[in-house]
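# Notes for the structure review
Each chain, letter by letter, is given below.
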Amino acid sequence: MSRTVLESKTKTVVIGFDEPFCVIGERINPTGRKKLAAELEAGDFSTVERDALEQVACGAMVLDVNAGVVYNSNPDPNLTEPPLMRQMIELVQGLVDVPLCIDSSVPGALEAGLAAAVGRPLLNSVTGEEERLERVLPLVKKYNVPVVAISNDDTGISEDPDVRFEVARKIVQRAADFGIPARDIVVDPLVMPVGAMATAGRQVFALVRRLRDELGVNTTCGASNISFGLPNRHGVNAAFLPMAIGAGMTSAIMNPVRPAEMEAIRAANLLMDHDANGGTWIGFSRVIEAVRAGADFATAAAEAQAAGSGRGRRRARG
């Protein structure tokens, strides 16, 4: 069974078929967040600090860090993104002790993040594009880290799930040529919006099963993609996540600050027998009771953690 090992300074998180679902917090990302982008360009990291602490309090096991700001003063991300990535990685790992996911389309920013990161982060990402494979896979090998493999290539994103599977197979095979084992490849099969493609849910569930059974790899996705353009997106996301878990998906890049989605994941872990004696579910239920009584989710979750509710039950090792 494939086990993808991530590490921070003192904690280990394992993404695996027999492990609790790995929640990768998505919020430290200026894409689509104009206020955060403006703050980062101005050297203001207060939102990053708040998002890091809040996401971990709410149950994120790994934090994605994206420094993709297009500066008004200098629009070349190859120059601006590497130093910003280093600064953000150092800041976040000084605040919280969870593994990080270094997220960039700029190879220089990926390497800057790898150089700054303590432990064994997840690199996000490589695609099937030849240039990207040749730039990113040597970094994966050099730093001995796992990598997210996104199922698109030089032809773009295919609506055909068989094509996306073959791109994933290609990346796994090319990684093996570099001496990178399949256990260190976490495939993103690309979730399409169900509002635009009615079969999107069925497609990704079938793809995840194939990726698990035929390639033996762990999987992830941008969970909110499934609900893009729909009303009540959190309701759709909360239904999608346990269905994906049931199909074999082992992680997702998502917003952990939403109680509905986190409740769905906790319940799915329980039903998949990935929650020993239901301890995490019982502890989380107390948090939900506090939220229903009017408490803020992040505050209630942080207080529960401080009180020892569910401590150590995510099988984080260290």
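Cut-offs and rules
Residues numbered from 1 in each chain as written. Predicted model: local features only at pLDDT ≥ 70, side-chain atom pairs only at ≥ 80, totals over all residues. Heavy atoms only, no water. Helix = DSSP H or I, 4+ residues; strand = E, 2+ residues; numbered from the N terminus. Rg over C-alpha atoms; globule rule 2.2 N^0.38 Å. Buried < 20%, exposed > 50% of the residue type's maximum accessible area, 1.4 Å probe, protein only. Contact = heavy atoms within 4.5 Å. Areas by Shrake-Rupley, 256 points an atom, 1.4 Å probe, with all protein chains shown as cover. Lys, Arg positive; Asp, Glu negative; His and termini not counted. Charge placed at Lys NZ, Arg CZ, Asp CG, Glu CD. Salt bridge = Lys/Arg side-chain N within 4 Å of Asp/Glu carboxyl O. Expected span 1.5 Å × (residues − 1). Polar contact = N/O pair within 3.5 Å; in protein donor to acceptor, adjacent residues only side chain to side chain. Axes fitted to C-alpha atoms, helices over the stretch in contact; angles between N-to-C directions. Parallel < 35°, antiparallel > 145°, perpendicular 65-115°, else oblique. Left-handed = near helix turned anticlockwise from the far one by under 90°. Nonpolar A, V, L, I, M, F, W, Y, C, P; charged D, E, K, R; others polar.

What follows deals with the overall build of the protein chain. The helix and strand inventory of the protein chain stands at 11 helices and 10 strands. For 318 residues, the compact-globule formula gives about 20 Å, and the C-alpha radius of gyration of the protein chain, at 19 Å, lands near that figure. Along the first, second and third principal axes, the C-alpha set of the protein chain runs to 50 × 45 × 40 Å. Across the 318 residues in the protein chain, those meeting the buried criterion constitute 53%. Intrachain contacts of the protein chain at a sequence separation of at least 6 include 70% that bridge at least 24 residues. Approximately 13,400 Å² of the protein chain is accessible, and the part contributed by carbon and sulfur atoms is 52%. Averaging the coordinates of the 33 positive side-chain charges in the protein chain and doing the same for the 39 negative ones gives two points 5 Å apart.

Let's shift gears to the pattern of salt bridges. If you walk through the whole model with that rule in mind, you get 13 salt bridges. A salt bridge links Glu90 to Arg86; its shortest N-O distance comes to 3.9 Å. Here the residue Glu90 and the residue Arg86 both occupy positions in helix H3 (residues 77-95), the gap between them amounting to 4 residues, near one helical turn. Residue Arg169 pairs with Glu166 through a salt bridge whose shortest N-O separation is 3.1 Å. In this pair, Arg169 and Glu166 are both assigned in helix H6 (residues 161-177), 3 residues apart and thus about one turn of the helix distant.

The next subject is H6. The terminal C-alpha atoms of H6 lie 25 Å apart, and with 17 residues this matches the ideal 24 Å at 1.5 Å per residue to within 8%. When H6 is considered as a whole, its buried residues turn out to be Arg164, Phe165, Val167, Ala168, Ile171, Val172, Arg174 and Ala175. At the N-terminal boundary of H6, the capping side chain belongs to Asp160, with an oxygen 2.9 Å from the backbone nitrogen of Asp162. At the C-terminal side of H6, Gly179 shows a positive phi close to 85°.

Attention now goes to the environment of Met262. Structurally, Met262 is set in helix H9 (residues 259-271). Using a relative accessible area of 0% as the deciding quantity, one classes Met262 as buried. Apart from residues no more than four positions distant in its own chain, Met262 is found in contact with Val23, Cys58, Gly59, Met254, Pro256, Phe284 and Phe297.

Quick look at the packing of helix H7 (residues 200-215) against helix H8 (residues 233-247) now. Look at H7 against H8: their axes get within 8 Å of each other, and the N-to-C directions meet at 30°. If you check the angle between H7 and H8, you find them roughly parallel. Helix-helix and strand crossings are classified by hand; for H7 and H8 the assignment is right-handed. On the side of H7, the interface is formed by Val204, Phe205, Val208 and Arg209, while H8 contributes Phe240, Met243, Ala244 and Ala247. Across the contact of H7 with H8, the residue classes break down as 7 nonpolar, no polar and 1 charged.

A few words now on unusual backbone geometry. A cis amide bond links Asn124 to the next residue, Ser125, at an omega of 25°. For Ser125, the position within the fold is in strand E6 (residues 122-127). One non-glycine residue, Asp273, lies in the positive phi region at around 65°. Residue placement: Asp273 occurs in the loop between H9 and helix H10 (279-292). Since its relative accessible area comes to 62%, Asp273 is described here as exposed. For Asn277, which is not a glycine, the phi torsion comes out positive at approximately 60°. Taking relative accessible area as the criterion, Asn277 reaches 82% and is therefore assigned exposed.

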